Amino acid sequence: MTIEYRQATLEDAELLINIYNASFYSDYLNYGECPGYGKTKEMMEASISKCPKFIILCDNEPVGCVSCKRLEMNVYEVGCLCVVPEFQGKGLGTQAIQFVKTLYEDWERITLVTPIDKRENIKFYTEKCGFNIASTERDGNVELARFVIER
């Protein structure tokens with residue numbers, strides 16, 4: 001299994017919509033809303049322009065995405081990490097976090113949020129990636145855990 005990352009361009013908007021929709025459909029059903037689900041082409045193009053996104057390729061097949069932006073000096077936030085369901089559990093997400101750490105070599109802190117009731121996400125970020133829960137916050141009707149990893 002060969003894993004590669006390719007920076008997304010505006011031409012990838014529809015591909016990313018398909019990846020996001022497949023990855024976040026269960027969240028949409030569970031919460032009735034999900035910021036990663038149901039984006040229009042215009043919304044995705046604006047998101048690509050605002051925040052670098054990297055398509056996760058498994059044996060040259062696009063199966064996920066990771067995006068990360070700089071918040072301040074040496075502090076970055078993973079805005080999205082998603083892998084389509086049939087490729088989850090294969091280490092792609094763990095490798096994507098490692099990719100972010102090598103991409104932004106000056107990082108001292110990386111943060112992200114995920115719904116606090118998604119036990120598999122909590123376990124993934126704490127046990128597989130080394131993050132700690134720093135706080136909780138609310139986005140609409142969803143309670144989120146704020147994760148932080150520091151060097």
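Everything that follows concerns the structure shown earlier in this document.
This is a predicted model, so every value here is computed, not measured.

**Let's talk about the overall build of the chain**
When helices and strands are tallied, the chain shows four helices and seven strands. Put simply, the chain runs from its N terminus to its C terminus through helices and strands in the order β-α-α-β-β-β-α-β-α-β-β. Relative to the globule expectation of 15 Å for 151 residues, the C-alpha radius of gyration of the chain, 15 Å, shows essentially globular dimensions. Across its three principal directions, the C-alpha atoms of the chain cover 35 × 35 × 30 Å. Each of the 151 residues in the chain was classed as buried or not, and the buried ones make up 46%. Contacts in the chain between residues far apart in sequence, at least 24 positions, make up 60% of those at least 6 positions apart. Accessible area for the chain stands at about 8,300 Å²; split by element, carbon and sulfur atoms hold 47% of it. Computing the positive centroid from 17 side-chain charges and the negative centroid from 23, the chain places the two 3 Å apart.

**A word on the environment of Y104**
Along the chain, Y104 falls in the loop between helix 3 (92-103) and strand 5 (109-115). Residue class for Y104 comes out buried when judged on its relative accessible area of 15%. Spatially, the C-alpha atoms of Y104 and C68 are 9.2 Å apart, while their sequence positions differ by 36 residues. Each residue touching Y104, except ones within four places of it in the same chain, is listed here: P52, C68, Y76 and R151.

**Looking at the environment of G89**
Inspection of the secondary structure puts G89 in the loop between strand 4 (75-83) and helix 3. Accessibility expressed as a relative area gives 85% for G89, which makes it exposed. Taking the C-alpha atoms as reference points, G89 and F124, 35 residues apart in sequence, are found 9.7 Å from one another.

**Examining the environment of E150**
Within the fold, E150 resides in strand 7 (residues 142-150). Placed 20 residues apart in sequence, E150 and G130 show a C-alpha to C-alpha distance of 9.2 Å. Setting aside residues no more than four positions away along its own chain, E150 makes contact with W107, E108 and R109.

**Section: the pairing of strand 5**
The element strand 5 is extensively covered by neighbouring structure, given that five of its seven residues are classed as buried. Pairing of strand 4 with strand 5, which is carried by three bridges, proceeds in the parallel orientation. Residue pairing across strands places E77 opposite T111, the latter belonging to strand 5. The β-α-β motif built from strand 4, the intervening helix 3 and the parallel element strand 5 has right-handed crossover chirality. Pairing analysis gives seven bridges linking strand 5 to strand 7, with the strands arranged antiparallel. Within strand 7, the residue paired with R109 across the bridge is E150.

Analysis parameters
Residues numbered from 1 in each chain as written. Predicted model: local features only at pLDDT ≥ 70, side-chain atom pairs only at ≥ 80, totals over all residues. Heavy atoms only, no water. Helix = DSSP H or I, 4+ residues; strand = E, 2+ residues; numbered from the N terminus. Rg over C-alpha atoms; globule rule 2.2 N^0.38 Å. Buried < 20%, exposed > 50% of the residue type's maximum accessible area, 1.4 Å probe, protein only. Contact = heavy atoms within 4.5 Å. Areas by Shrake-Rupley, 256 points an atom, 1.4 Å probe, with all protein chains shown as cover. Lys, Arg positive; Asp, Glu negative; His and termini not counted. Charge placed at Lys NZ, Arg CZ, Asp CG, Glu CD. Pairing = 2+ DSSP bridges. Right-handed = clockwise from strand over helix to strand, strands pointing away.

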